[in-house]
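Residue-level structure breakdown
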Amino acid sequence: EAAVTQSPRNKVAVTGGKVTLSCNQTNNHNNMYWYRQDTGHGLRLIHYSYGAGSTEKGDIPDGYKASRPSQENFSLILELATPSQTSVYFCASGDARGAFEQYFGPGTRLTVL
Amino acid sequence: QQKVQQSPESLTVSEGAMASLNCTFSDGTSNNFRWYRQHSAKGLEVLVSIFSDGEKEEGRFTAHLNRANLHVSLHIREPQPSDSAVYLCAPNTNKVVFGTGTRLQVLP
């Protein structure tokens, strides 16, 4: 069965600190995505990737970097965390072939104090 | 870029009554759509994927797609309190864009 895991599941960070959220998928999907979810905004795309070594800006990339060192791993990096980045972050992987299936991780709750 | 609008923002129904949710998209570039369910900021669960105009049923969940009207709906037959969640629709594309969701509450 398709599997996307995220770590950590919960994180408390201080303003100005560096935060790295990790995502791992065992689906062998080319595409991976990072979203944040906030009340009133739904799910918004931050960064995505078409494969190892590629990162693309989504709709709200400011304040975030992404890294895709391998097919399986996709990280979201907050170099200087701010309270406005307090949110729930979801990673997903997707197969661009055929019917395009997308699978989501369980989410990471980030609080920036 | 495709934009997705969902309505209503929230919906309360009694257990057993039909629940209907709507999704309107901004253009006809997407050929197929998916409905998701999310319980309390947890991961997303795929309910129904629909690939052509008409109807697609998955258990108690039925999606209707009308691409000419830029509209896809979800109907939940005999909803139960455990169906209380946020429902999201999204086109199946490489760069997935979500609507803001409909919060459904099913009262016992």
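What comes next is a walk through the structure. (Residues numbered from 1 in each chain as written. Chains lettered and ligands numbered in written order. Predicted model: local features only at pLDDT ≥ 70, side-chain atom pairs only at ≥ 80, totals over all residues. Heavy atoms only, no water.)

With that settled, the discussion passes to the overall build of chain A. Along its length, chain A carries zero helices and eleven strands. Shown N-terminal to C-terminal, the secondary structure of chain A runs as helices and strands in the order β-β-β-β-β-β-β-β-β-β-β. Taken over C-alpha atoms, the radius of gyration comes to 13 Å for chain A, in line with the 13 Å a tight globule of 113 residues would show. Counting all 113 residues of chain A, 51% fall into the buried class. Considering only contacts in chain A between residues 6 or more positions apart, those separated by 24 or more positions represent 54%. Looking at chain A, you have 10 positive and 9 negative side-chain charges, and the mean spots of the two groups are 8 Å apart. (Helix = DSSP H or I, 4+ residues; strand = E, 2+ residues; numbered from the N terminus. Rg over C-alpha atoms; globule rule 2.2 N^0.38 Å. Buried < 20%, exposed > 50% of the residue type's maximum accessible area, 1.4 Å probe, protein only. Contact = heavy atoms within 4.5 Å. Lys, Arg positive; Asp, Glu negative; His and termini not counted. Charge placed at Lys NZ, Arg CZ, Asp CG, Glu CD.)

To continue, consider the sheet that holds strand β9 (residues 85–91) of chain B. Residue and element names in this part refer to chain B. Ordered in space as β2-β10-β9-β4-β5, the five strands form an open sheet in which the pairing is mixed. Two strands bound the open sheet, and with one partner strand each, they are β2 (10–14) and β5 (44–50). When strand polarity is set aside, the average angle formed by the axes of neighbouring strands in this sheet is 25°. In terms of strand pairing, β9 meets strand β10 (residues 102–107) through three bridges, oriented antiparallel. Bridge pairing in β10 places Y87 opposite T102. (Pairing = 2+ DSSP bridges. Axes fitted to C-alpha atoms, helices over the stretch in contact; angles between N-to-C directions.)

Residue and element names in this part refer to chain B. Of the two faces of strand β1 (residues 4–7), only one is covered, namely that formed by V4 and Q6; the face formed by Q5 and S7 stays uncovered. Relative to strand β3 (residues 19–25), β1 is paired through four bridges, and the arrangement is antiparallel. Across the sheet, Q5 pairs through a bridge with T24, a residue of β3.

What follows deals with the interface of chain A and chain B. Contacts between chain A and chain B engage 24 residues on the former and 20 residues on the latter. Taking both partners together, chain A and chain B bury about 1600 Å²; carbon and sulfur atoms supply 53% of that area. In this structure, the connection of chain A to chain B is made through zero salt bridges. Here chain A and chain B share one residue pair in polar contact (both at pLDDT 80 or more) between them. Of all the secondary-structure elements, those providing two or more residues to the side of chain A that touches chain B are β4 (31–38), β5 (42–49), β9 (87–94) and β10 (102–104) of chain A. Here the side of chain A that touches chain B is composed, by residue class, of 13 nonpolar, eight polar and three charged. (Buried area = accessible area lost by both parts, 1.4 Å probe. Salt bridge = Lys/Arg side-chain N within 4 Å of Asp/Glu carboxyl O. Polar contact = N/O pair within 3.5 Å; in protein donor to acceptor, adjacent residues only side chain to side chain. Nonpolar A, V, L, I, M, F, W, Y, C, P; charged D, E, K, R; others polar.)

Another aspect to go through is unusual backbone geometry. P8 of chain A follows S7 of chain A through a cis peptide bond whose omega is -10°. In this fold, P8 of chain A is placed in the loop between β1 (4–7) and β2 (10–13). The omega angle of the peptide bond from S7 of chain B to P8 of chain B is -10°, so this bond is cis rather than trans. Along the polypeptide, P8 of chain B turns up in the loop between β1 and β2. With phi around 60°, N28 of chain A is a residue other than glycine that occupies positive phi space. Looking at N28 of chain A, the relative accessible area reads 53%, which means it is exposed. The backbone of L70 of chain B sits at a positive phi, close to 55°, despite the residue not being glycine.

Residue and element names in this part refer to chain B. Sheet topology places β3 next to strand β8 (residues 71–76); six bridges connect them, and they run antiparallel. Pairing of A19 across the sheet is with I76, part of β8. Note: strand β7 (residues 61–66) against β8, six bridges, orientation antiparallel. Note on β8: the bridge partner recorded for L65 is V72. Where β7 folds back onto β8 in an antiparallel hairpin, the turn is made up of four residues, including L70, whose phi is positive at roughly 55°.

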